[in-house]
Amino acid sequence: MGDRVPPSATLGDVLAARRRRRFVGRSAELELVRAALDSPRPPFSVLYLYGPGGIGKTSLLDEVADLAVGAGSVLVRLDGRDLVPAPAAVLASLAEHLDLDADRIATASGQRLVMVIDTYEALAPIDGWIRRDLLPRLPDSAVTVIAGRSPPSPQWRSDLAWGDLLRVVSMRNLAPRESVDYLRAVGVRDELHDRLCRVAHGHPLALSLLADAVLRGGRADADPLSPDLVGTLLRRFVDEEPGTVHRRALEVCALARVTTESLLRDALGTGDDCAHDAFRWLRGLSFVETGADGLHPHDLARDVIDADLWWRDADSYADVFRRVWRHIHRTLDSATGRRQQQAIFDLKFVFRHLAGVLSPVQWESWGRYYPEPATAAEHAAVVELIRTAEGAESARLAQRWLDRQPDGFFVLRCPDGTVRGVIGLLDLTRASEEDRDRDPGAAAAWRAARRGTPVREGDVVTQTRFVVDRETYQDPSPTLNAVPILTMQRYLTTRGLAYDVLVLAEPDRWDDYFAVADLPRVDGGDFVVGPRRFGLFAHDFRRVPVGAWLERVTERALARGPSPPVPSAPVLLVLSQPEFAQSVKQGLHDLRQHALLARNPLLRTRLLHDRDGAGEPDVALLEQVLRDAVATLADHPRDDKLLRAVDRTYLRPAATQESAAAALGLPFSTYRRHLATGVERIVSWLWDQEVYGRRQ
């Protein structure tokens, strides 16, 4: 489609026509201007537009100018980039077009005056003069449209005289439909629209640059955010080159879901004053918004800053990632309830670039919906939701589990309170053998948990058995978003969690994603209920505990794309209680002989790896753990006799047990009884840590 211009057009006519053809959206803003131009006394005197660089402010002002000229008004355009921020400079520019006197500014012809001021942030030093002195001198029929990066200063609002004479509009990104309209207007092929729209997030400048790259033969199948495009956008977002601290604060803000002073203090490694200064600086940026939880950048700005750091300095990216990760992880350890769920949302968000073919996340609704326990009054709605999505047989199984474990069912509610989605979590170790056997999904999960590894006393096996969203079933949705929130909360709070299983329909499509997330599909675990086939995705926390699992997933997330294999966290040895007790007794016996202690199975158990944190536990650590266990006998005075028996047998051993009994002044049978009871207490103390983890 050609641009319609007269045969004798100037280059300016051609450029104006091309701009009009490419302009889309902003209908609400333009309607405000039309209404003002159509009225003898406009409903407002100043329309104040603000938004980040590249959002389309200048393009909108071009359209406003066309409307003003078309309505027969006298148009005056000012641009803060072209003016010294001083009253004299502004008045000199106006004098070229208008009649100026001490009290009044008017057009020579008496026509309506429309004044358009672009890049208003450059005129901030004289904002007060413009508001108090310049604008009041305009005719009451004049319309002024101001466009800048920042919202109007508080003084505009506090001056009650302005009232409804001031209209303020925050310019947002284009809607998806408007983005498609733009791409179609410039001639981009239809099959590329979805891809480019996802990358640009509706940002007009990004759409323009992406479209230009594609139309010039660039590739859209690779990541369109090339370093050149990222650099261009970054310069539009950030007015001036930030210093080291501010640049790092910007990178933290891009990576984290929300940024607080507390996060900046941890991530920057600075004191309160520096974190406060960085937070205040971020808060003043045009592309950073303030929400209930903290600060967050516009989506495209976030992606651009993230991509720039990753491309420019992958080591610094990893450092920022880990600092943000550690801050959130500390919150996870100390928080409970909704606050803990919010922290899990934040933790999952920093992993949003985790490699995977199809991420089960709807990012646009991330953090906006929270799962809540299903009430008894909602049980019928829960069952009906499952019946609609999975059939009558699944509904019967859900009803049975609701009767047995109602505390395991959670719902997501629509704004009107109706049930939007349901998630059913089961504790299979609490269930009877009959209940497990009657549900093919529970039976398959229980078999997987017991395959090759004992389910020991104190171990807990859990399963996410039902996941249904009313609108999308198991496609990305607020309900699917809530699954990792509930499961992570379960990982952090369930004493003795040994094995966790997630059930999803159409399992083939999730294989790649959950393999990367270290929840691989269970071989032979597929089952059929009604019309659907389901698969199991599981993690064995007896072999790779929660802390090691999070570290493993973190390294994989930082790898992002083709990279050398990430070193795996150690796979732990899972001992039965009798095997564990025998290993502790052998360790006490070999305590002073490191060559023998080095062969002890305890070195490959959770007990040692929870203490070590990173690397491979060594003999010195095992010796210390055993000595610490012996020392617990000193906590209770009545156990002093047990401590002395263990001490003379293993820590400061006598030549024989008979000699130990004699040194303690005890009959041999009494000594043996004290020793057996002491060792039993030591085994019990260590077994608690092996099953439940050191934190508990």
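Because the structure is a prediction, the values reported are computed rather than measured. (Residues numbered from 1 in each chain as written. Predicted model: local features only at pLDDT ≥ 70, side-chain atom pairs only at ≥ 80, totals over all residues. Heavy atoms only, no water.)

Relative orientation of the contacting elements helix H16 (residues 337-350) and helix H21 (residues 478-493) amounts to 115°, with a least axis distance of 9 Å. On the basis of the axis angle, H16 is roughly perpendicular to H21. Crossing geometry of H16 relative to H21 is assigned as right-handed. Residues Gly337, Gln340, Gln341, Ile344, Phe345, Leu347 and Lys348 of H16 lie in contact with H21, whose contacting residues are Pro484, Ile485, Leu486, Met488, Gln489, Leu492 and Thr493. (Axes fitted to C-alpha atoms, helices over the stretch in contact; angles between N-to-C directions. Helix = DSSP H or I, 4+ residues; strand = E, 2+ residues; numbered from the N terminus. Parallel < 35°, antiparallel > 145°, perpendicular 65-115°, else oblique. Left-handed = near helix turned anticlockwise from the far one by under 90°. Contact = heavy atoms within 4.5 Å.)

Taking 1.5 Å per residue as the helical rise, helix H2 (residues 27-38) with its twelve residues ought to reach 16 Å, and the 16 Å between its terminal C-alpha atoms agrees with that figure. Every buried residue of H2 is listed here: Glu29, Leu30, Val33, Ala36 and Leu37. Looking straight down H2, one finds that the buried residues subtend no more than 120° of arc, so they occupy a single side. Turned more than 90 degrees away from the buried face of H2 sit Ser27, Ala28 and Asp38, all of them exposed. Where H2 is buried, its residues touch strand S1 (46-50), helix H3 (57-70), strand S5 (113-118), strand S6 (143-148) and strand S7 (166-170). (Expected span 1.5 Å × (residues − 1). Buried < 20%, exposed > 50% of the residue type's maximum accessible area, 1.4 Å probe, protein only. Arc of directions from axis to C-beta.)

With that settled, the discussion passes to unusual backbone geometry. At Thr119, a residue that is not glycine, the phi angle is positive and equals roughly 50°. Locating Thr119 in the fold gives a position in the loop between S5 and helix H5 (127-134). Even without being a glycine, Asp518 presents a positive backbone phi close to 60°. Its location among the elements puts Asp518 in the loop between helix H22 (511-516) and strand S15 (527-529). Note on Asp518: relative accessible area 8%, which makes it buried.

Take the packing of aromatic side chains next. Scanning the entire structure with this criterion turns up 16 aromatic pairs. With centroids separated by 5.0 Å and ring planes inclined at 80°, the aromatic side chains of Trp310 and Tyr317 adopt a geometry described as edge-to-face. Look at Trp310 and you get partly exposed, because its relative accessible area is 23%. Exposure remark for Tyr317: the relative accessible area of 3% places this residue in the buried category. Chaining the aromatic ring pairs together yields one cluster made of Tyr48, Tyr120, Trp156 and Trp162. Positioned above the aromatic ring of Trp446 is the side chain of Arg436, whose terminal nitrogen or guanidinium carbon lies 3.9 Å from the ring centre. Arg465 extends its terminal NZ or CZ atom over the ring of Phe534, reaching a point 5.9 Å from the ring centre. (Phe/Tyr/Trp six-rings, centres within 6.5 Å; stacked < 30°, edge-to-face > 60°. Lys NZ or Arg CZ within 6 Å of the ring centre and 35° of its normal.)

Moving on: the sheet that holds S6. The strands making up a sheet associate through backbone hydrogen bonding, with each pair oriented either parallel or antiparallel. Pairing within the open sheet is parallel, and its five strands lie in the order S2-S5-S6-S1-S7. This sheet does not close on itself; its edge strands, each paired only once, are strand S2 (74-79) and S7. With strand direction ignored, the average angle separating the axes of adjacent strands in the sheet is 15°. With five bridges joining them, S1 and S6 adopt parallel strand pairing. Across the sheet, residue Leu47 finds its bridge partner in S6, namely Val145. (Pairing = 2+ DSSP bridges.)

All right, on to the sheet that holds strand S16 (residues 532-540) then. The seven strands are arranged S10-S11-S12-S13-S14-S16-S15 in an open sheet whose pairing can be described as mixed. Taken across any chain shown, the strands that pair with only one partner, and hence form the sheet edges, are strand S10 (372-373) and S15. Here helix H18 (residues 392-404) sits on the sheet in contact with strand S11 (409-413), strand S12 (419-427), strand S13 (460-469) and S15, set at roughly 130° to S13.

Okay, the pattern of salt bridges next. For the coordinates displayed, the defined rule picks out 45 salt bridges. For Arg521, the salt bridge identified is with Asp526, shortest N-O distance 2.5 Å. Asp526 sits in the partly exposed class, given a relative accessible area of 31%. In this structure, the salt-bridge partner of Asp540 is Arg543, at a minimum N-O distance of 3.8 Å. Overall, the relative accessible area of 16% leaves Asp540 in the buried class. Given the relative accessible area of 27%, Arg543 is considered partly exposed. (Salt bridge = Lys/Arg side-chain N within 4 Å of Asp/Glu carboxyl O.)

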